[in-house]
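Examining the three-dimensional arrangement
Each chain, written out:
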Amino acid sequence: MSLSLVTPQFEVLRDENKCIQCKVCVKQCANEVHKYDAEDNVVLADDAKCVNCHRCVVLCPTKALKIRKNTLEFRDNANWTGQAISEIYIQAETGGILLSSMGNPKPFPIYWDKMLLNASQVTNPSIDPLREPMETKVMIGRKPSKLEFDKHGNLITEIAPQVELDMPIMFSAMSYGSISKNAHEGLARAAEKLGIVYNTGEGGLHKDFYKYGKNTIVQVASGRFGVHLEYLNAGIAIEIKMGQGAKPGIGGHLPGIKVGEDVSATRMIPIGSDAISPAPHHDIYSIEDLRQLIFSLKESVNYKKPIFVKIAAVHNVAAIASGIARAGADAIMIDGFRGGTGAAPTRVRDNVGIPIELALAAVDQRLRDEGIRNEISIVCGGSIRNSSDIVKAIALGADAVYIASAALIAIGCHMCHSCSTGKCNWGIATQDTDLVKRLNPDIAYQKLVNLLSAWNHEIKEMLGGMGINAIDSLRGNRLMLRGIGLNEKELEILGIKHAGE
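Source: prediction; values computed, not measured. (Residues numbered from 1 in each chain as written. Predicted model: local features only at pLDDT ≥ 70, side-chain atom pairs only at ≥ 80, totals over all residues. Heavy atoms only, no water.)

**A word on the sheet that holds strand 10 (residues 198-199)**
The strand order around the closed barrel built from 8 strands is 9-10-11-12-15-16-18-19, with neighbouring strands paired in parallel fashion. Across the sheet, helix 8 (residues 317-326) touches strand 15 (307-312) and strand 16 (331-335), and the angle it forms with strand 15 is around 165°. (Pairing = 2+ DSSP bridges. Helix = DSSP H or I, 4+ residues; strand = E, 2+ residues; numbered from the N terminus. Contact = heavy atoms within 4.5 Å. Axes fitted to C-alpha atoms, helices over the stretch in contact; angles between N-to-C directions.)

As structure tokens, this is what we get:
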């Protein structure tokens, strides 16, 4: 066997004066980093296996453990960084593509952090949300472009089916298989409590969760896993997944190791088989083909549910969105390049797609220019981190936002980027029954409710500070935004002025 040139990413530091050899770390680490040596009565660590998930650090009763980045240094070289060299070592040894989880970690600009919100002062007084009504309810779906009346002169109030949200937030698509049943239960229950919706992802809907149908978006992806008539009628809306921000143009892959009995039944595939989603839908090669699927799905649910189309944020996203609106979709879901994933080719995750802020602004403006903005709702996702990101997204033109990574972090994810291994020590991105039990759905549900309740309160505070009492009044109101540290082209695409103007 040849010598491996790949060195550990992290070092496990154990304070021997604090360690009591309780073996909690040994029992808790799914990656088998820690090992107890009975002969010497000492616990040892294999640094090479550590993914820095913090499980052992958090649960160590004497706080004897720390994990730090391996300080091994290559010779300084701005082009051939240590990461670039290490990745070549890995591929030279394995012959495989590099896989990564979660979103793009590169230091590209985060435009949310380069936009500032306006505030009321004297002539347009602010509003106190604790004492005055403040509306954060939104409706997702196709809106009429004008008032219409029947032959008797009565206003026609029937419109296309809508999804009603008590706050402008939805849980984004994460399939059963990529995340655990307990994680899904937390999301479903929180969505019901909060008056919002969660998305099944492309893995079908577990039989235990049909009762949450009024708070569920069911997804139809290229693999059609778990898709049948009962499934389509179970949710409040149907989403056609054309792409996702972490891997535009790439299909999905759930390893067979994650396909146990429940996942098998839900996805309608054999136990232990890999679930591979093709990159394209093999019945969609044009906007006309997409239109056919949209109306086939509408027919299947008797036109009672809105149909959404999810795409990745790519260079020509505005033109694509225009086509989707004209194809009959009720909402377009745009996922930026920082969007999370269970697994994606590293090169695709880190180099394909564009920031959601630029894509959102471009789409909203294109649809306005074409006079069809009311014909479709816009939902954006791809690293929405807090309530101010949401407010800025709505001011740029979104009706609502999708969150996924933030939701997982709320229930315990430590962003160790190893979801694809199925060894999530926090019971989230795993199907291992012993690991799944570590995530208590009751606690997950409560944390999600706490997080979004706090965010909704902050949204109201920011709206009040702008002198706005309804979230709909902020949608596309870019006068409420100013850029800082942005060049002229960036300001032009975002459609905002620079701070000080």
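Following the structure, the description resumes.
**As for the sheet that holds strand 21 (residues 497-498)**
The sheet built from 3 strands is open, its strands ordered 6-20-21 with mixed pairing. Where the open sheet ends on each side, the last strands, each with one partner, are strand 6 (115-117) and strand 21. Bridge analysis of strand 6 against strand 20 (residues 481-483) gives 3 bridges, and the strand direction is antiparallel. Within strand 20, the residue paired with Leu116 across the bridge is Arg482. Here helix 11 (residues 387-396) sits on the sheet in contact with strand 6 and strand 20, set at roughly 95° to strand 6.

**As for the pattern of salt bridges**
The final tally for this structure, using the stated rule, is 27 salt bridges. Here Asp330 makes a salt bridge to Lys298, at a shortest N to O gap of 3.5 Å. Highlighted residues: Asp330 in the loop between helix 8 and strand 16 and Lys298 in helix 7 (residues 287-300), separated in sequence by 32 residues. By relative accessible area, which is 2% here, Asp330 ends up buried. On the basis of relative accessible area, Lys298 is assigned to the buried category, the value being 9%. Here Asp399 makes a salt bridge to Arg475, at a shortest N to O gap of 2.9 Å. Remark: Arg475 occurs in the loop between helix 14 (441-465) and strand 20 and Asp399 occurs in the loop between helix 11 and strand 19 (400-403); sequence separation between them is 76 residues. Residue classification places Arg475 among the partly exposed positions, given a relative accessible area of 28%. Through salt bridges with shared partners, one network takes in Asp364, Arg368, Arg373, Asp399, Arg475 and Arg478. (Salt bridge = Lys/Arg side-chain N within 4 Å of Asp/Glu carboxyl O. Buried < 20%, exposed > 50% of the residue type's maximum accessible area, 1.4 Å probe, protein only.)

**Considerations on helix 7**
In a regular helix each residue adds 1.5 Å, so 14 residues correspond to 20 Å; helix 7 covers 20 Å between its end C-alpha atoms and thus fits that length. Taken as a whole, helix 7 has its buried residues at Leu290, Leu293, Ile294, Leu297 and Lys298. Mapping the buried residues of helix 7 onto a view down its axis gives an arc of 135°, with all of them on the same face. In this structure, helix 7 carries Glu288, Gln292 and Glu299 as exposed residues pointing more than 90 degrees from its buried face. Those residues of helix 7 that are buried lie in contact with strand 11 (216-220), helix 5 (229-234), strand 12 (237-241), strand 15 and helix 8. (Expected span 1.5 Å × (residues − 1). Arc of directions from axis to C-beta.)

**A word on unusual backbone geometry**
You will see that Asn52, though not glycine, has its phi angle at about 65°, which is positive. Mapped onto the secondary structure, Asn52 falls in the loop between strand 3 (42-45) and helix 2 (55-59). For His417, which is not a glycine, the phi torsion comes out positive at approximately 60°. Relative to the helices and strands, His417 resides in the loop between helix 12 (405-410) and helix 13 (433-436). For His417, a relative accessible area of 31% puts it in the partly exposed group.

Taken by themselves, the reported measurements are silent on function.
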